Amino acid sequence: MPTYSQPITDLIQKRFSCRKYSKASISVEMREKLREYMTHLCIGPFGTPMRFDLITADDQDGKALRGLGTYGFIQGASGFVVGALGAGQQNLEEYGYRMEQIVLAATDLGLGTCWLGGTFTKSTFARRIELQDDERMPAILAIGVIQDENSARNGVMRQYVAGQRRIPWEELFFDRLWGKGLSPEVAGEYSRPLEMVRLGPSASNKQPWRIVQTDGFFHFFIQRTKGYRNLLTRLVQVDDMQRLDMGIAMCHFELTARELGLKGKWGIVDHGLDLPDDQIEYSVSWVLTS
Ligand SMILES: Cc1cc2nc3c(=O)[nH]c(=O)nc-3n(C[C@H](O)[C@H](O)[C@H](O)COP(=O)(O)O)c2cc1C
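Keep in mind it's a predicted model, so treat the numbers as computed, not measured.

## Some remarks on helix α10 (residues 191–198)
No. 1: The buried count for α10 comes to six of eight residues, which makes it a mostly enclosed element.
No. 2: What α10 keeps buried is the set Arg-192, Pro-193, Leu-194, Glu-195, Met-196 and Val-197.

## Describing the pairing of strand β2 (residues 79–85)
If a strand is regular, its side chains alternate between the two faces of the sheet.
No. 1: Of all seven residues that make up β2, seven are buried, and the element is covered over most of its length.
No. 2: Residues Gly-79, Val-81, Gly-83 and Leu-85 line one face of β2 and the alternating positions Phe-80, Val-82 and Ala-84 line the opposite face, and both faces are buried.
No. 3: Here seven bridges tie strand β1 (residues 50–56) to β2, and the two strands are oriented antiparallel to one another. Considered in β2, the bridge of Met-50 is made with Leu-85.
No. 4: In terms of strand pairing, β2 meets strand β4 (residues 140–144) through three bridges, oriented antiparallel. Looking at β4, one finds that Phe-80 is bridged to Ala-142.

## Observations regarding the environment of Leu-260
No. 1: Here Leu-260 lies in the loop between α12 (238–259) and β8 (264–267).
No. 2: By C-beta crowding, Leu-260 is classed as partly exposed, having 14 other C-beta atoms within 10 Å.
No. 3: Sequence separation between Leu-260 and Glu-189 is 71 residues, and the spatial gap between their C-alpha atoms is 8.3 Å.
No. 4: Sequence-distant contacts of Leu-260, that is, excluding residues within four places in its chain, are made with Glu-189 and Arg-192.

## Brief notes about the packing of helix α2 (residues 28–39) against helix α4 (residues 91–108)
Each pair of packed helices can be described by the angle between their axes along with the distance between the axes.
No. 1: At a minimum axis distance of 11 Å, the contact between α2 and α4 shows a crossing angle of 155°. On the basis of the axis angle, α2 is roughly antiparallel to α4. The crossing of α2 and α4 is right-handed. For the pair α2 and α4, contact is made by Leu-34, Tyr-37 and Met-38 and by Ile-102, Ala-105 and Ala-106, respectively.

## Looking at the pairing of strand β7 (residues 217–223)
No. 1: Of all seven residues that make up β7, five are buried, and the element is covered over most of its length.
No. 2: Where strand β6 (residues 209–214) lies against β7, six bridges are found, and the strand directions are antiparallel. Bridge pairing in β7 links Arg-210 to Phe-221.
No. 3: The antiparallel pairing of β6 with β7 creates a hairpin that spans two residues between the two strands, and Gly-216 there sits at a positive phi of about 80°.
No. 4: Judged from the seven bridges that link them, β7 and strand β9 (residues 280–288) form a sheet pairing that is antiparallel. The residue of β9 that forms the bridge with His-219 is Ser-285.

So, how was this worked out
- Residues numbered from 1 in each chain as written.
- Predicted model: local features only at pLDDT ≥ 70, side-chain atom pairs only at ≥ 80, totals over all residues.
- Buried ≥ 20, exposed ≤ 12 C-beta atoms within 10 Å, placed from the backbone.
- Helix = DSSP H or I, 4+ residues; strand = E, 2+ residues; numbered from the N terminus.
- Pairing = 2+ DSSP bridges.
- Contact = placed C-beta atoms within 7 Å.
- Axes fitted to C-alpha atoms, helices over the stretch in contact; angles between N-to-C directions.
- Parallel < 35°, antiparallel > 145°, perpendicular 65-115°, else oblique.
- Left-handed = near helix turned anticlockwise from the far one by under 90°.

Right under this line is the structure:
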């Protein structure tokens, strides 16, 4: 797997959802680098097959793409990263994980990105990647040259979704018991990976990740939002978006841990924890290894 040229923690802190792009197209060199990077991401951390492709405005139907670039809240993206995901128990988390690696690779190149979960026309992009019957495309990325970092970072949409707000540590990370806040001091060397989870992007900025540290484990849970799981949200697949968010959390956590030389692996385990209600769903565990 190719590595990034900058520390992962710098990339995570530089990244933001860019919704305003310059007209300039992504350079040929950058496109090649991104495409090359994507060829390594054909299988998720739990073994689910997937594939990604970069569509840019210089492709044959650039005009049609420019039309798509103004879709929803995104202005003028000159490219999109699309993906096709195979079946698997953890497939949405895996897709979130791998797509976020692409986000960080783009950030490393100085490009802007924005995850698009709801506001894109699936059929148009599905055709572009020749989506098969046994595949799905849960989300895509807008990608391009950032127009003006300052205004892009603080745009209307970001304010609208309170995009810069992050939930405080003690409400996200717990020490052995659900609800008992974990401090960075107690988390020790794992405080960096946890902080990098906290800074990650999430659908509607809901930050659904909750993590409980126990002896030898970090157990990851999804905090569902009350009233979020009715029929309508199921139909528009908001639930699925939150599973992508968990994959993003896994990506930030693992890449930061590896950069720090901390050893572990992902597993589905019997966590044995008492959970306060059924809005909390177990996702995955980071199992410390020596
Ligand atoms: C799975 C997923 C789907 C998203 N879908 C959209 C979207 O459809 N439109 C949009 O403008 N932003 C979308 N976002 C971006 C979030 O709103 C953004 O990550 C969040 O508000 C935090 O802001 P930041 O990324 O600038 O830190 C999505 C993010 C994720 C992770």
